[in-house]
Amino acid sequence: MENQTSKNGLNRRDFLKAGGMSTLALTLGSTGVLAIGSKALADTTNNPTSGFGGYGPLVPDPNGILDLPEGFHYKIISKEGGLMTDGRKIPGAFDGMAAFEGPNNTTILVRNHELGAGAAFGSNPYDAAAQGGTTAVVVRPNREVIEEYVTSSGTIRNCAGGATPWGTWLTCEETRSATHGYVFEVDPTQPENEMSRTPIKDMGRFSHEACAIDPATGYVYLTEDSSPSFLYRFIPNDLSQKPGALQKGGKLYAAAIEAVTDPSASTFKTGQKFQIVWKELDPHLCREDAAKHKCIQFSRLEGAFFQAGVFWFDDTSAGEKKLGRIYRYSPATNTLELFYEGTDAHDMEYPDNICMTPWGDLWYAEDGSGQDRLMGITPEGKVYPFAANRLSDTELTGPTFSPDGNTLFVNIQSPGQTFAIWGPFQRRNSARAREMSYAAPAKQFAPQVSEKLTQVAESQGMSILEAAAFERHGVKMI
């Protein structure tokens, strides 16, 4: 492996940091931009051309594989069953993925494989009887693959995960079997090293889905793919944000909603105030502890992404019509908001992996019963399709952009295929990404709340999206 890498002019130790992960956390006051009143919901009904609104309708792919908007192109760069650089077969069940900046303008993709029991495909597995793990694909700017190799193995159902600001990948096991159910840190510059096969046990043993890191603090936010599921936060003992620092342990918490005493309330305010609190858990019995502490029970959490001071995550089967919800949590204000609640399968059906585009839109991949798509939401409140799977009835997974923002990489889970997509993407716009952190959803996509609840929210200085999040999880505010 090392000799082959040298022949291609790559030195994994020259590997740089994750593209697009360097952001400044927003410092938002409790009465700042997040405290939007009911009148602040975006109204695009009478102004359908406000802001950027997507790339137009999808064009049917003559090859019957992937529908994209006009002007966009795709290339299949990796296929299940093909050969890696060392001659081993590429494992299947492609899932979560991240793109990192490599030497000589290359992109290094790290990709999960959601496989179960069976012979491990790597040479230094955590468990020789587990088929899951991660692989890497090194891609030139012209989207030609230079190298493909195993980065970790011997794990079970590596579903999603998350990129770290220091250039590694956290791969998550979606299981809770006897010796599995952990998070592992993978460094693509040092494939199959001891770190890649050492579980970070303090991050909890549960059916992990995805995770995202706040670069301002080093705290890790984690979702759980179970029913019910909880939202977790891990505070590392070592906050140096370096490879291996998470191995030094830390404390695990789950989110709960509790009533709080407001000393300024008295006769000036009515109603009970509530806020998010984080309950410390035993990482080996985290689900049991979370239930005991009456932490928030979600339907089934999936994707996670952190950008511009905000943690985004989705609940794939929640809502009155069970089409899914998207939440927004701001650590600076400790504010949880229900941003989008699916009411029409045309716009959302079971959101799964999520990411933020370089120009500031939120994208989510669907895992529903119909044709699965990659959908976008703009800060101006518009929803649009970007891609649709025509090849199979499985989900699109792992959407991630190259560090320069010119190429989108995404998978079809089965049969496993990784695509490079390019075309007239919008230019990078960090200001617009920050706008998404406090933008209001369009009225037709925002959670519906009563007029009474709206009045209570405004009297408490809350956004109605925050009030909706509390109300949906059993808090009686009226």
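The rules we used
Per chain, residue numbering runs from 1 following the sequence as it is written. This being a predicted model, a pLDDT of at least 70 is required before a residue's local features are given, and a value of 80 or more before pairs of side-chain atoms are given or counted; all residues contribute to the totals for chains, interfaces and linings. Computation of side-chain values covers all heavy atoms of the structure but excludes hydrogens and water. Where helices and strands are cited, they refer to DSSP runs of H or I of at least four residues and of E of at least two residues respectively, numbered from the N terminus. Residue exposure (1.4 Å probe, protein chains only): buried if accessible area is under 20% of the type maximum, exposed if over 50%, otherwise partly exposed. The contact criterion used throughout is that any non-hydrogen atoms of two residues lie within 4.5 Å. Note on areas: Shrake-Rupley, 1.4 Å probe, and residue coverage restricted to the protein chains presented here. Only rings of Phe, Tyr and Trp enter the pairing, Trp through its six-membered ring, and a pair is recorded when the two centres are within 6.5 Å. The plane angle decides the type: under 30 degrees is stacked, over 60 is edge-to-face, the rest tilted. Criterion for a charge above a ring: Lys NZ or Arg CZ within 6 Å of the ring centre, and within 35 degrees of the ring normal. Nine residue types can take part in a nonpolar core, namely buried Ala, Val, Leu, Ile, Met, Phe, Trp, Tyr and Cys, and a core is a set of them joined through side-chain atoms within 4.5 Å. Whenever a nitrogen or oxygen atom comes within 3.5 Å of another N or O atom, the pair is scored as a polar contact, on the condition that within protein one atom can donate a hydrogen and the other can accept it, and that pairs from neighbouring residues in sequence are kept only if both atoms are in side chains. By the convention used here, strands pair only if DSSP detects at least 2 bridges between them. Angles here are taken between N-to-C directions and fall from 0 to 180 degrees, while the axes themselves are lines fitted to C-alpha atoms, restricted in helices to the stretch in contact. Confidence of the predictor at the level of single residues is captured by pLDDT, which takes values from 0 to 100. By definition, a salt bridge exists where a carboxyl oxygen of Asp or Glu is found within 4 Å of a side-chain nitrogen of Lys or Arg.

S.K.: Honestly, the overall build of the protein in this entry has me stumped. Any pointers?
M.R.: Helix and strand counts for the protein stand at five helices and 26 strands. By the burial criterion, 60% of the 478 residues in the protein qualify as buried. For the protein, long-range pairs separated by at least 24 residues make up 58% of all intrachain contacts whose partners lie at least 6 apart in sequence. Counting only carbon and sulfur atoms, one obtains 48% of the accessible surface of the protein, whose full area is about 18300 Å².

S.K.: Sorry, what's going on with the packing of aromatic side chains here?
M.R.: Geometrically, a pair of aromatic rings is defined through the distance of the ring centres and the angle of the planes. Using the criterion set out here, one finds 29 aromatic pairs in the structure. Centroid distance Phe230 to Tyr232: 6.5 Å. Interplanar angle 70°. Geometry classified as edge-to-face. Each member of the pair, Phe230 as well as Tyr232, carries the same accessibility label: buried. In this structure, Arg111 is placed above the aromatic ring of Phe94, and the distance from its NZ or CZ to the ring centre is 4.0 Å.

S.K.: Would you mind showing me how to read the nonpolar core here?
M.R.: Side chains that are nonpolar tend, in soluble globular proteins, to be buried together. Core analysis: the biggest nonpolar cluster contains 40 residues, and Trp363, Phe386, Ile421 and Phe425 have the highest contact counts within it. Grouped together as the second largest cluster of nonpolar side chains are 34 residues, Ala210, Trp278, Ala457 and Ile464 included.

S.K.: I tried to follow the environment of Asn112 on my own but got confused; where do I start?
M.R.: The topology assignment puts Asn112 in strand β5 (residues 107-113). Under the relative-accessibility criterion, Asn112 is labelled buried at 0%. Side chain to side chain, Asn112 and Trp169 meet in a polar contact 2.9 Å long.

S.K.: Looking at this structure, how should I read the side chain of Ser330?
M.R.: Relative to the helices and strands, Ser330 is located in strand β18 (residues 325-330). Ser330 sits in the buried class, given a relative accessible area of 2%. Polar side-chain contacts of Ser330 include one of 3.3 Å to the side chain of Thr333.

S.K.: Quick question: what am I supposed to make of the sheet that holds strand β6 (residues 132-139) here?
M.R.: The strands that make up a sheet are held in pairs by hydrogen bonds between backbone atoms, and each pair lies either parallel or antiparallel. Reading across from one edge, β4-β5-β6-β7 is the order of the four strands in this open sheet, with antiparallel pairing throughout. The open sheet is flanked by β4 (94-101) and β7 (145-155), the only strands paired with a single partner. Averaged over all pairs of adjacent strands, the angle between strand axes in this sheet comes to 20°, irrespective of strand direction. Here eight bridges tie β6 to β7, and the two strands are oriented antiparallel to one another. Considered in β7, the bridge of Val138 is made with Glu147.

S.K.: What is the right way to read helix α5 (residues 464-472) from this model?
M.R.: Each α-helix turn comprises 3.6 residues. Residues three or four places apart therefore point the same way. α5 sits mainly inside the fold: seven of its nine residues count as buried. Within α5, the full set of buried residues consists of Ile464, Leu465, Glu466, Ala467, Ala468, Ala469 and Phe470. On its buried face, α5 sits against β14 (250-260), β15 (273-281), β18, β19 (335-341) and α4 (451-459). Backbone geometry just downstream of α5 places Gly474 in the positive-phi region, at approximately 90°.

S.K.: Help me understand the confidence of the model for the protein in this model?
M.R.: Per-residue confidence for the protein gives a mean pLDDT of 88; residues scoring 70 or more make up 87%. Across residues 44-50 the pLDDT falls below 50, and counting only partners more than four positions away or on other chains, this stretch makes nine contacts in the model. Under a pLDDT of 50 for its full length, residues 265-270 has, in the predicted model, four contacts with residues more than four places off or in other chains.

S.K.: Could you clarify how one ought to interpret the pairing of strand β10 (residues 183-186) in this entry?
M.R.: Residues in a regular strand point their side chains to alternate faces of the sheet. Alternating positions in β10 separate into two faces, Val183 and Glu185 on one and Phe184 and Val186 on the other, with burial throughout. Bridge count between strand β9 (residues 169-173) and β10: four bridges; the pairing is antiparallel. Residue pairing across strands places Trp169 opposite Val186, the latter belonging to β10.

S.K.: Is there a simple way to explain the pattern of salt bridges in this structure?
M.R.: Note that side chains of opposite charge can pair when their charged atoms are close. Using the criterion set out here, one finds 22 salt bridges in the structure. Its salt-bridge partner being Glu380, residue Arg432 comes within 2.8 Å of it at the nearest N-O pair. Of this pair, Arg432 sits in helix α3 (residues 430-436) while Glu380 sits in the loop between β22 (373-377) and β23 (383-389), and the two are 52 residues apart along the sequence. Comparing Arg432 with Glu380 shows no difference in burial state: the two are buried. Of the charged contacts in the structure, one is a salt bridge between Glu471 and Arg472, with a shortest N-O distance of 2.6 Å. Connected through salt bridges with shared partners, the residues Arg325, Glu341, Glu471 and Arg472 form a single ionic network.

S.K.: What's the story with the sheet that holds β9 in this structure? I'm lost.
M.R.: With antiparallel pairing, three strands are arranged side by side in an open sheet as β8-β9-β10. Strand pairing shows two members of the sheet lacking a second neighbour, β8 (158-163) and β10, which therefore form its edges. Across this sheet, the average inter-strand angle for adjacent strands is 30°, counted without regard to direction. Pairing between β8 and β9: four bridges, direction antiparallel. Pairing of Ala163 across the sheet is with Trp169, part of β9.

S.K.: I would appreciate a short explanation of unusual backbone geometry in the present structure.
M.R.: Residues apart from glycine generally show negative phi values, whereas peptide bonds are mostly found in trans. With an omega dihedral of 0°, the bond running from Ser227 to Pro228 counts as a cis peptide bond. Examined against the element boundaries, Pro228 turns out to sit in the loop between β12 (220-224) and β13 (232-236). In this structure, Pro415 follows Ser414 across a cis peptide bond, with omega equal to -5°. Its place among the elements puts Pro415 in the loop between β25 (408-412) and β26 (417-422). If you check the backbone angles, Asn105 has positive phi at about 65° while not being a glycine. For Asn105, a relative accessible area of 64% translates into the label exposed. Located in the positive-phi region is Arg157, a residue other than glycine, with phi close to 50°.

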